Amino acid sequence: MNKNPNSVYTVRFNDCDLFGHLNNARYIDYFLNAREDHLKEYHNLNLSEYYKKDIAWLVGGHEIAYLRPALYNEVITIQSTLLIADNEFLLVETQMMNEKQNHLKAIMRTRLVPINTRTSRKEQHRPEFMEWAKTIENSELYKQGNLEQRIKQITAEFKIKETINE
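All chains use their own residue numbering, which begins from 1 and follows the written sequence. Only residues with pLDDT of at least 70 are given local features in this predicted model, and only at 80 or more are side-chain atom pairs given and counted; all residues enter the totals for whole chains, interfaces and linings. Values reported for side chains reflect all heavy atoms of the structure, with hydrogen atoms and water molecules removed beforehand.

A few words on the overall build of the chain. To qualify as a helix, a DSSP run of H or I must reach at least 4 residues; to qualify as a strand, a run of E must reach at least 2; elements of each kind are numbered from the N terminus. When you go through the chain residue by residue, the secondary structure sums to 5 helices and 6 strands. For a compact globule of 166 residues, the expected C-alpha radius of gyration is about 15 Å, and the chain comes in at 17 Å, within 12% of that figure. By its C-alpha atoms, the chain is 50 × 35 × 25 Å across when sized along the principal axes. Put simply, the chain has 166 residues, and 42% of those count as buried. Any two residues whose heavy atoms approach within 4.5 Å at even a single point are treated as in contact. Long-range contacts, defined as pairs at least 24 residues apart, comprise 71% of the intrachain contacts of the chain with a sequence gap of at least 6. Radius of gyration means the value over C-alpha atoms here, while the globule rule gives 2.2 Å times the residue count to the 0.38 power. To sort residues, take the accessible area from a 1.4 Å probe on protein chains only and compare it with the maximum for the residue type: under 20% means buried, over 50% means exposed, and anything in between is partly exposed.

Okay, structure coming up:
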């Protein structure tokens, strides 16, 4: 099972600022949309099916680092992974890279809180969901440190790959 799915996207004109850079707020949209795509395509999980069962997730917070601009009409790759599946929350990491996947443009960690859409109250994950979520959890990445440490690790991995490919 692929715990780090990725997809390719093109940066759209209407998502950019006057300099042709992807607007900072739009990174979040690209990341969340990519994660939804990954869940559906790679893990056969359709969020609308959960919504019909009165289950949804609210964003409890984002931690994001912008490292290099994504430019208008640029082809980018977005990768996502579930770092932690807990009864009370999910922690997801998403990365935006260039098409060749050798330059990190941005990275975001998102804390998602389960709620019951009927009551609008926080609710623990159901046991069957937790059983499934643990199969795609990538907790080893989380153990490697905070976001700043993770950026250093990814950057070092890219440098090693560049050296090998020279």
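Within helix H3 (residues 127-136), burial applies to Phe129, Met130, Ala133 and Ile136. Along the axis of H3, the buried residues cluster in a sector spanning 120°; they form a single face. Opposite its buried face, H3 presents the exposed residues Pro127, Glu128 and Glu131, each directed more than 90 degrees away. For H3, the elements touching its buried residues are helix H1 (24-43), helix H2 (47-52), strand E2 (55-66), strand E3 (75-85) and strand E4 (90-98). The arc in question is formed by the directions pointing from the helix axis toward the C-beta atoms.

Side chains that differ in sign of charge can pair as their charged atoms come close. Each reported salt bridge corresponds to a side-chain nitrogen of Lys or Arg within 4 Å of a carboxyl oxygen of Asp or Glu. Applying the stated criterion across every chain yields a total of 12 salt bridges. Of the charged contacts, one joins Glu93 and Arg109 as a salt bridge, the two residues approaching to 3.1 Å between their closest N and O atoms. Taken as a pair, Glu93 in strand E4 and Arg109 in strand E5 (residues 104-116) lie far apart in primary sequence, 16 residues in all. Each member of the pair, Glu93 as well as Arg109, is classed as buried. Across the pair Glu93 and Arg150 runs a salt bridge, and its minimum N-O distance is 3.0 Å. Residue Glu93 is found in strand E4, and its partner Arg150 is found in helix H5 (residues 147-165); the two are separated by 57 residues along the sequence. You can call Arg150 buried: its relative accessible area is 4%. Here the salt bridges do not stand alone but share partners, grouping Asp15, Arg26 and Asp29 into one network.

If you trace the backbone, Gln79 turns up in strand E3. Assessed through its relative accessible area of 15%, Gln79 is described here as buried. Setting aside anything within four residues of it in sequence, one finds Gln79 in contact with Asn4, Pro5, Asn6, His38, Glu93, Thr94, Gln95 and Met97.

Structurally, Asp15 can be placed in the loop between strand E1 (6-10) and H1. Residues Asp15 and Leu112 lie 97 residues apart in sequence; the distance between their C-alpha atoms is 24 Å. Other than its neighbours up to four places away in sequence, Asp15 contacts His21, Leu22, Asn23, Arg26 and Tyr30. Nitrogen and oxygen atoms within 3.5 Å of one another constitute a polar contact, given that in protein one can donate a hydrogen and the other can accept it, and given that sequence-neighbouring residues count only through two side-chain atoms. In terms of polar contacts, Asp15 uses its side chain to reach the side chain of Arg26, at 2.6 Å.

To estimate how far a helix should extend, the number of its residues minus one is multiplied by 1.5 Å. For H1, with 20 residues, the first-to-last C-alpha span of 28 Å sits near the 28 Å given by 1.5 Å per residue. Considered for burial, the residues of H1 that qualify are Tyr27, Tyr30, Phe31, Ala34, Arg35, His38, Leu39 and His43. The N-cap of H1, judged by a side-chain oxygen 2.8 Å from the amide nitrogen of Ala25 a few residues on, is Asn23.

Treat this as a map of the structure, not an account of what it does.
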